[in-house]
Amino acid sequence: MQANYFYQCSTIKQDCTGRNFGPVLTIQTFRTEDEVIEKANNTPFGLSAGVWTDKGSKIFNMTTKLRAGVVWANTYNKFDPTSPFGGYKESGYGREGGLHGLTAYVNIV
Amino acid sequence: MEKVIAKKIAAKFSENGSHNVSEKRLEVLKTYKIYVGGQFPRTESGRYYIATNGKGDKLANMCLCSRKDFRDAVGTARSAFGGWSARAAFNRGQILYRIAEMLEGRKAQFIDELIKQDSTAVQAEAEVNLAIDRLIYYSGWCDKFQQVFSSVNPVASSHFNFSATEPTGVVAAIAPQNSSLIGLVSVIAPIIAGGNSCVILASSSKPLCAVTFGEVLNSSDLPGGVVNILTGKVGELIPFFADHMDVNAAVYCESDAANKQLIKEKSALNVKRVVIYDEVKWMTDKAQSPYFIMDFQEIKTTWHPIENIGGAKAGY
């Protein structure tokens, strides 16, 4: 597959909500925070998300409303063995790494 | 003959302690319906089954819910999820406490229904008391489990990194079949304490308390749609509980191997969280812990960069 980008694609099309394996970038615009949260959560998946803004209170408004297992604020694709990794919804079950990664290996009574 | 009837009526009047009631008065029996979206509709299918006690005596006609009833209930639960999960954790605790208060006020009715469904008076009272106490227990945990199960993670890079709990979403549960009240309450309480909404199928053989518990929920500030209670047959509805694509977690409480397998296989369609409580003894203390809440929580990890200005160090 060639490198592509889809500009102003619709969320109902598979481009934006599906898992594209290949060099594909989908871009959508937004006007309000509510709109962007709705667009970001309008998918059966929820592995990770990223937010860029210079306003601290806005960052945490966004990060608490995005339904994803990992949320990067003003950064992206950071990983660490002490940081739990794993998805919401159809992106997976359980966590790897950190304290929460250990819960699958212990039986606490 | 007339004299005998007159005597019987007299006896009835003295039992009631009232002599003003017309002898023609019929007792008003309760119509057991389902609880969906804060209302008490009948099943859309118009079907019913007869609930009986151990001896086979008829207790009531119950709604025999269909696939469509389940789908409607999931839609309602999904709409209610956003508002319920966004409530302050403390407020959810207050509402769970209120549910316990309402249950306490209707204790006699629940004891009466449990006795109809083959409990002894002593067992019935113990079960209702424990159900109230269990609601109080989870009420307390509503705003505390988050601190216990969240963490700040010591990542090697210059980031502030923390993991916090968030509710999974809509939970479809099949209540324990061998109890009427305590199993149902023990499954519902940790689900809603954590901010989820749920659709629950009551015990098929002992369904009376589930519907009455719906009335308790309805009078306790719990927003409509957070808990939806259906009655019907497990065998008919279990495939739909497991394969609905807008359900995030499925709960099963029996040890039937075929049903467990079916739930696991169909749940894989949309990666539902499958929770099986086949070894829990609901009347014991082991049936309550914050881990029951955690069965319906996701962990969200947030990364935020930390700027190192001019190599400044902590000035101890």
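Everything here concerns the structure above.
Residues numbered from 1 in each chain as written. Chains lettered and ligands numbered in written order. Predicted model: local features only at pLDDT ≥ 70, side-chain atom pairs only at ≥ 80, totals over all residues. Heavy atoms only, no water.

Trainee: What am I meant to see in the sheet that holds strand β3 (residues 151–152) of chain B here?
Mentor: Picture the strands of a sheet paired through backbone hydrogen bonds; they go either parallel or antiparallel. Judged by pairing direction, the sheet is mixed, and its five strands sit side by side in the order β4(A)-β5(A)-β10(B)-β4(B)-β3(B) without closing on themselves. Of all strands in the sheet, those with a lone pairing partner are β4 (48–51) of chain A together with β3 of chain B, marking the two edges. With four bridges joining them, β4 of chain A and strand β5 (residues 70–73) of chain A adopt parallel strand pairing. Its bridge partner being in β5 of chain A, G50 of chain A is matched across the sheet by W72 of chain A. Against the sheet, helix α3 (residues 56–65) of chain A touches β4 and β5 of chain A together with β4 (159–167) and β10 (297–305) of chain B, its axis set at about 150° to β10 of chain B. (Pairing = 2+ DSSP bridges. Helix = DSSP H or I, 4+ residues; strand = E, 2+ residues; numbered from the N terminus. Contact = heavy atoms within 4.5 Å. Axes fitted to C-alpha atoms, helices over the stretch in contact; angles between N-to-C directions.)

Trainee: Would you take a moment to explain the interface of chain A and chain B for this structure?
Mentor: One frequently used descriptor of interface size is the decrease in accessible area upon assembly of the parts. Between chain A and chain B, the contact holds 31 residues from the first and 34 residues from the second. Interface of chain A and chain B: buried area, both sides summed, is about 2400 Å²; carbon and sulfur atoms make up 53% of it. Here chain A and chain B share two salt bridges between them. Of the charged contacts, one joins R95 of chain A and E298 of chain B as a salt bridge, the two residues approaching to 3.2 Å between their closest N and O atoms. Taken together, the links from chain A to chain B amount to 21 residue pairs in polar contact (both at pLDDT 80 or more). Sorting the residues of the side of chain A that touches chain B by element identifies α3, β5, β6 (88–89) and α4 (98–102) of chain A as the ones contributing at least two each. Of the residues forming the side of chain A that touches chain B, the biggest block, five residues, is contributed by α3 of chain A. (Buried area = accessible area lost by both parts, 1.4 Å probe. Salt bridge = Lys/Arg side-chain N within 4 Å of Asp/Glu carboxyl O. Polar contact = N/O pair within 3.5 Å; in protein donor to acceptor, adjacent residues only side chain to side chain.)

Trainee: Can you help me understand the environment of F110 of chain B in this one?
Mentor: Residue and element names in this part refer to chain B. Structurally, F110 can be placed in helix α4 (residues 107–116). Looking at F110, the relative accessible area reads 0%, which means it is buried. Through-space distance from the C-alpha of F110 to that of A124 is 7.9 Å; in sequence the pair is 14 residues apart. What F110 contacts, discounting residues up to four positions off in sequence, is L103, V128, L181, C209, T212, F213 and V216. (Buried < 20%, exposed > 50% of the residue type's maximum accessible area, 1.4 Å probe, protein only.)

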